[in-house]
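Working through the structure, step by step
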Amino acid sequence: MLRHSSTILIIAVALLCGLGLVMLASTGVWVRDLEQPYHFVIRQSVMVVIGVFAAFVMAKTPPEVIRKSTVFVYVLVCIALALCFVPAVNVEIYGSKRWIDLPFIGQFQPSEPAKMIVVVALAAWFARWQTEVHTFFRGFVIPGMITGLPLVLIALETDVGTALSLSVTAAAVMYCVGSRLRYIIPAGLVGISGAAWYLYNNPNRWGRIEAWLDLENPVHQLDRGMQQWRALLALGNGGPWGVGLGNGVEKFGTLTFAHIDFIYPVIGEELGLPATLGVIICYVGIAVAGVGIALQAKQIFERSIALGLTCVIVVPAMVNIGVTTAVLPNDGLPLPFVSYGGTSLVFSLAAVGLLVGIHRRSQIATIQAFPLGKDARGILRL
């Protein structure tokens, strides 16, 4: 099965992208103030093409080139994250400063490439200091600083969900590489305590948690808990087999952001349980394939990248499905490959391309290690 990790990965991603385009055609038409009814699906289709091209480029890029350019790209991404606070450049949407608008590039979200770059930077650092991953300074403090700078910038944009998912990814990479738990666990507890303090003292986010804990309260159903409550109604309305593609009713305005953060309940309402379970199976396939690629990688640099990029894709998917089914409080993370969002889609596909490239090189290395495998079997038969 490990030999077919790339195939499993590509099939799962292709199914999710195809489903995303279909559901955007169903939900995007009903978004208010649109001059072109199919604006979202057309734009997402363009981003799929760009993302596939980016995936092809990343799959063909040698690991030495990626490793040598890590410092430059890391600095560039941190500058882009800092530009989110510059009034002349940033774009504020719904109170969050997560986007910037640059000439010739347009509007994009720097936190999406930042997730990839943090993983690559951690992998490059651990590859450089393989013999000292158990030490406090080079095995924990400096990797923590590499992660911490973009993490703080993302959190200050009020993109807490992305910051938390990135911290989980970094902790997973550090633990699997060999950083000691006696360093990671206390740091994690401090981080969780800080996040809890922030949430408690932020009226908007604490209100979301209170609404999540009592969704059946009519007051919350008309206020901060409305999205999750309407999402549950959509899933219940769909039942086991759904009401049919395009026949969902919650997307008509009661379920806000049905084409972005809350596209999963619309899938359940219109296509039923087979589609929602199919989405989960696809993400499980991505997780299994990503771990398989990491296990087959020959060097710690590529192994760390494979593990980290798998977490970059799977962790937000878990959070989004948890939020839209009211298992977790409302967070604002999109569903990778399915939700509308050009920056997220392009860089997620680029991450997939990088994973495929790592697996391809691992397979080539295995073949070269045993060039006379068939001849040897023939000799044994004689």
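Look a little higher up for the structure.
Residues numbered from 1 in each chain as written. Predicted model: local features only at pLDDT ≥ 70, side-chain atom pairs only at ≥ 80, totals over all residues. Heavy atoms only, no water.

1. Let's talk about the pattern of salt bridges
- Considering all chains together, one arrives at six salt bridges under this definition.
- For the salt bridge of Arg138 with Glu132, the shortest nitrogen-to-oxygen distance reads 3.0 Å.
- Where Arg361 meets Glu302, a salt bridge forms, and the shortest distance between an N and an O atom there is 3.1 Å. Taken as a pair, Arg361 in helix α15 (residues 342–369) and Glu302 in helix α14 (residues 300–324) lie far apart in primary sequence, 59 residues in all. Exposure class is identical for Arg361 and Glu302. Each is buried. (Salt bridge = Lys/Arg side-chain N within 4 Å of Asp/Glu carboxyl O. Helix = DSSP H or I, 4+ residues; strand = E, 2+ residues; numbered from the N terminus. Buried < 20%, exposed > 50% of the residue type's maximum accessible area, 1.4 Å probe, protein only.)

2. Focus: a nonpolar patch on the surface
- Among the surface-exposed residues, Leu273, Leu277, Ile280, Ile281, Val284 and Val288 lie close enough to one another that they form a single nonpolar patch of about 510 Å² accessible area.
- For Val288, the position within the fold is in helix α13 (residues 273–296). (Patch = residues over 30% accessible without salt bridge, like charges linked within 9 Å, V, L, I, M, F, W, Y side chains within 5 Å. Areas by Shrake-Rupley, 256 points an atom, 1.4 Å probe, with all protein chains shown as cover.)

3. Things to note about the environment of Leu156
- Relative to the helices and strands, Leu156 is located in helix α6 (residues 136–156).
- The exposed category is assigned to Leu156, whose relative accessible area is 55%.
- Through-space distance from the C-alpha of Leu156 to that of Arg98 is 9.3 Å; in sequence the pair is 58 residues apart.

4. Considerations on the packing of helix α8 (residues 181–201) against helix α9 (residues 203–213)
- Between α8 and α9, the least distance of the axes is 5 Å, while the angle of their chain directions is 95 degrees. Accordingly, the angle class assigned to the pair α8 and α9 is roughly perpendicular. Between α8, through Tyr198, Leu199, Tyr200 and Asn201, and α9, the contact on the second element is made entirely by Pro203, Arg205, Trp206 and Ile209.
- Counted by class, the contact of α8 with α9 contains six nonpolar, one polar and one charged residues. (Axes fitted to C-alpha atoms, helices over the stretch in contact; angles between N-to-C directions. Parallel < 35°, antiparallel > 145°, perpendicular 65-115°, else oblique. Contact = heavy atoms within 4.5 Å. Nonpolar A, V, L, I, M, F, W, Y, C, P; charged D, E, K, R; others polar.)

5. Re the packing of aromatic side chains
- Within this structure, the stated rule accounts for six aromatic pairs.
- Each ring, one from Phe40 and one from Tyr340, has its centre 4.7 Å from the other, and the planes form 75 degrees; the classification is edge-to-face. Separated by 300 residues along the polypeptide, Phe40 in helix α2 (residues 39–60) and Tyr340 in the loop between α14 and α15 bring together distant segments of the chain. Like Phe40, the residue Tyr340 is buried in the burial classification. (Phe/Tyr/Trp six-rings, centres within 6.5 Å; stacked < 30°, edge-to-face > 60°.)

6. Considerations on the sheet that holds strand β1 (residues 90–93)
- Strand order in the open sheet formed by three strands is β1-β2-β3, and the pairing between neighbours is antiparallel. Single-partner strands in this sheet number two, and they are β1 and β3 (106–108). Taking the axes of each pair of neighbouring strands and ignoring which way they run, one obtains an average angle of 35 degrees across the sheet.
- Relative to β3, strand β2 (residues 96–102) runs antiparallel, the two being bridged by three bridges. (Pairing = 2+ DSSP bridges.)

7. Notes on the state of the cysteines
- Taken as a whole and judged by the stated rule, the model has zero disulfides.
- Cysteine Cys17 is unpaired, with the sulfur of Cys282 as its nearest cysteine sulfur at 10 Å.
- Judged by relative accessible area, which is 9%, Cys17 ranks as buried.
- Of all cysteine sulfurs, the one in Cys78 lies closest to Cys84, which takes part in no disulfide; the gap is 12 Å.
- We classify Cys84 as buried; its relative accessible area is 0%. (Disulfide = S-S within 2.5 Å.)

8. Points about helix α11 (residues 226–238)
- Over its 13 residues, α11 runs 18 Å from end to end, which matches the ideal 18 Å to within 8%, given 1.5 Å per residue.
- Buried within α11 are the following residues: Gln227, Gln228, Ala231, Ala234 and Gly238. Along the axis of α11, the buried positions cluster into a sector of 115 degrees, meaning they face one direction only.
- Buried positions along α11 lie against α9, α12 (263–271) and α14. (Expected span 1.5 Å × (residues − 1). Arc of directions from axis to C-beta.)

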